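# Topology and contacts: notes
Listed here are the chains, written in short residue letters.
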Amino acid sequence: YRSSAYEPLTESAAVALVTRLGLFEEKSVLSCREIGDGNLNLVFHIVNQNQNGIIIKQALPYAKVIGESWPLTLDRARIESSALLKQAEVASAYVPKIYYTDETLAITAMEDLSHLQIARAGLIEGREFPLLGRHIGEFLGKTLFYNSDFALNPQAKKQLVKQFSNPDLCKITEDFVFTDPFFDYDSNSFEEELRQDAENIWNDSHLKLEVAKLKHKFLTEAETLVHGDLHTGSIFASETETKVIDPEFAYYGPIGFDLGHFFANLLMNAISRDEANQQVLLDHIETAWAVFEEEFSKAWKNDSLEAFAKVDGYLSFILEKAFEDAIGFAGIEIIRRTIGLAHVADLDSIEPYERKIEAKQRALDLGSKLVKNRQSIKTTADLAESFKQVP
Ligand code: ADP
Ligand code: MG
Ligand code: MG
Ligand code: MG
């Protein structure tokens, strides 16, 4: 079965589709609920009488932001399912299984991960997810190495750069992450109490020069296939499992990009917590980087096709660059989640109000320092130190 035209599915159409596709045993009694957040995509959860489920995610042809609606390419469903398949080639434990994809309908049918919790929600409740840092480090070490020029022949790599050309979703990041928060633009959104802090950012020409350099990296450095939106809302977790979802922003970008977003989202959760409960998040960052470095280095040693791979200092140069970029991208992510269009619940849900404003001021201060001082923040210990030094 292949559809001939796009249409948004209804719950009953989703059930009819999985039945036609034979994704459940015959005679299953199916029920379906749409569980997405409703901004960009539909997410259908379909279960049989034994509560075994599957997920159908469908892209909508428009995005709803600030109450308005603008067209957004359905091609992102192709990007998402191809990225999940690519990631599964080298890190299958960390992504949902894919059962079916249809570019016309812009859908991906995938493993139901409802037994796990979205990491952001769990971290806000104070859960620890002991393997989160280790698993994300391994996922990134493998996916970022094996889709780079260090592992692929140059022709194959250029093919992938083309396949993962994602201009519309990159434009969203270019605008809402790298540009708008650093100017007094209407898309920004923050509490009136933060106006002075926002103005300080808009008037900080040193900061803006460094943001411009990092934006230029995002625009031009096609190092590897990055997830592109690796915040803690794109991670399902439990005590034992970790799965990365939602790679619709995937494209060829800098090795440090996903690491930076992951670090930033852990740091924002840390800011929301009492001091006594912050260390676990800094430990996740330390572990994620250590495991990333170990996996990337192991793969480099065993599987690099690059003639220069054994030249002393080359691997260290690449890893040091990735770390410095990650710290810069983390700083930008923290700033844009505080005064830009899209916020994080970790900061927005802080109570009472005065404590929330203080936490956001601290976030802005930390974000600026990470962007500006990224060259002197050489290790995760330095990063933890910077975090602790921001009042
Ligand atoms: P969006 O791109 O719209 O953010 P996501 O892929 O992040 O879509 O999914 C939105 C929500 O749908 C998730 O936060 C989660 O609650 C649910 N969801 C998505 N994929 C799955 C899955 N494989 N299993 C269970 N729930 C899922
Ligand atoms: Mg969402
Ligand atoms: Mg999402
Ligand atoms: Mg998404």
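Anything mentioned here points back to the structure above.
A brief look at the structure comes next.

What counts and how
- Residue numbers here run from 1 along each chain, matching the order of that chain's written sequence.
- The naming scheme follows written order: chains are lettered A onward, ligands numbered 1 onward.
- In view of the model being predicted, local features appear only for residues whose pLDDT reaches at least 70, and side-chain atom pairs are presented and counted only at 80 or more, with totals across whole chains, interfaces and linings using the full set of residues.
- Excluding hydrogens and water, the side-chain values take into account all heavy atoms of the structure.
- Under this scheme, a helix contributes an axis fitted over its contacting stretch, all axes are lines through C-alpha atoms, and angles between N-to-C directions fall in the 0 to 180 degree range.
- Labels follow the DSSP assignment, with helices taken as runs of H or I lasting at least four residues and strands as runs of E lasting at least two, numbered in each case from the N terminus.
- Angular relationships are summarised with four words: roughly parallel below 35 degrees, roughly antiparallel beyond 145, roughly perpendicular across 65 to 115, and oblique for the angles in between.
- A clockwise turn of the near helix away from the far one marks a right-handed crossing, whereas an anticlockwise turn of less than a right angle marks a left-handed crossing.
- Here, two residues are considered to be in contact whenever any of their heavy atoms come within 4.5 Å of each other.
- Polar here means any residue other than Ala, Val, Leu, Ile, Met, Phe, Trp, Tyr, Cys and Pro, which are nonpolar, and Asp, Glu, Lys and Arg, which are charged; Gly is therefore polar.
- Here a polar contact means two N or O atoms within 3.5 Å. Within protein one must be a hydrogen donor candidate and the other an acceptor candidate, and residues neighboring in sequence count only if both atoms are side-chain atoms.
- Any N, O or S atom lying within 2.8 Å of the metal counts as a donor, with the limit raised to 3.2 Å for Na, K and Ca; because water is left out of the atom set, some sites can appear incomplete.
- We call a residue buried when its accessible area falls under 20% of the maximum for its residue type, exposed when it is over 50%, and partly exposed in between, using a 1.4 Å probe and counting protein chains only.
- If DSSP finds at least two bridges between two strands, the strands pair.
- Criterion for a salt bridge: a side-chain nitrogen of Lys or Arg within 4 Å of a carboxyl oxygen of Asp or Glu.
- Throughout, nonpolar core names a set of buried Ala, Val, Leu, Ile, Met, Phe, Trp, Tyr and Cys residues whose side chains join them through atoms within 4.5 Å.

## Notes on the packing of helix H10 (residues 279–303) against helix H14 (residues 380–389)
Contact geometry of H10 with H14 gives a least axis separation of 9 Å together with a crossing angle of 155°. Taken together, the axis directions place H10 and H14 in an arrangement best described as roughly antiparallel. At the point where H10 passes H14, the crossing takes the right-handed sense. Only Thr380, Leu383, Ala384, Phe387 and Lys388 of H14 make contact with H10, whose side of the interface consists of Gln279, Leu282, Ile285, Glu286 and Trp289. Its residues placed into classes, the contact of H10 with H14 shows six nonpolar, two polar and two charged.

## Regarding the side chain of glutamate 210
With respect to the helices and strands, glutamate 210 occurs in helix H8 (residues 205–220). Reaching out from glutamate 210, the side chain makes a polar contact with the side chain of lysine 213 at a distance of 3.0 Å. Setting aside chain neighbours within four positions, we find glutamate 210 in contact with Val371, Lys372 and Arg374.

## As for the coordination of the magnesium ion (ligand 4)
Within the protein, the atoms that donate to the magnesium ion (ligand 4) are Asp246 (OD), Asp246 (OD) and Glu248 (OE), at distances of 1.9 to 2.3 Å. A distance of 5.3 Å spans the gap from the magnesium ion (ligand 4) to the magnesium ion (ligand 2). Across the pair, glutamate 248 and aspartate 246 agree in class, each one buried.

## Some remarks on the pairing of strand S6 (residues 98–102)
Bridge analysis of S6 against strand S7 (residues 107–111) gives four bridges, and the strand direction is antiparallel. Looking at the pairing, aspartate 102 lines up with isoleucine 107 of S7. Counting the residues in the hairpin turn of S6 and S7 gives four residues, including alanine 106, whose phi is positive at 60°.

## Topic: the pattern of salt bridges
Scanning the entire structure with this criterion turns up 28 salt bridges. With its nearest N and O atoms 3.5 Å apart, the salt bridge here joins arginine 127 to glutamate 239. Residue arginine 127 is found in the loop between helix H3 (119–124) and helix H4 (132–146), and its partner glutamate 239 is found in the loop between strand S10 (235–237) and strand S11 (242–244); the two are separated by 112 residues along the sequence. A relative accessible area of 27% means that arginine 127 is categorised as partly exposed. A cluster of three or more residues bridged by salt bridges with shared partners is formed by Lys217, Glu221, Glu223, Lys321 and Asp325.

## Topic: the nonpolar core
Counting residues in each nonpolar core, the largest one holds 84 residues, and the members touching the most others are Phe262, Phe263, Leu267, Phe292, Phe296 and Leu370. It is helix H11 (residues 314–339) that provides the largest number of residues to this core, a total of 13 residues. Residues in contact with phenylalanine 292, not counting those within four places in the same chain, are Gly137, Leu140, Gly141, Leu144, Ile255, Leu259 and Leu319. Counting residues in hydrophobic clusters, the runner-up holds 18 residues, among them Ala14, Val15, Ile46 and Leu105.

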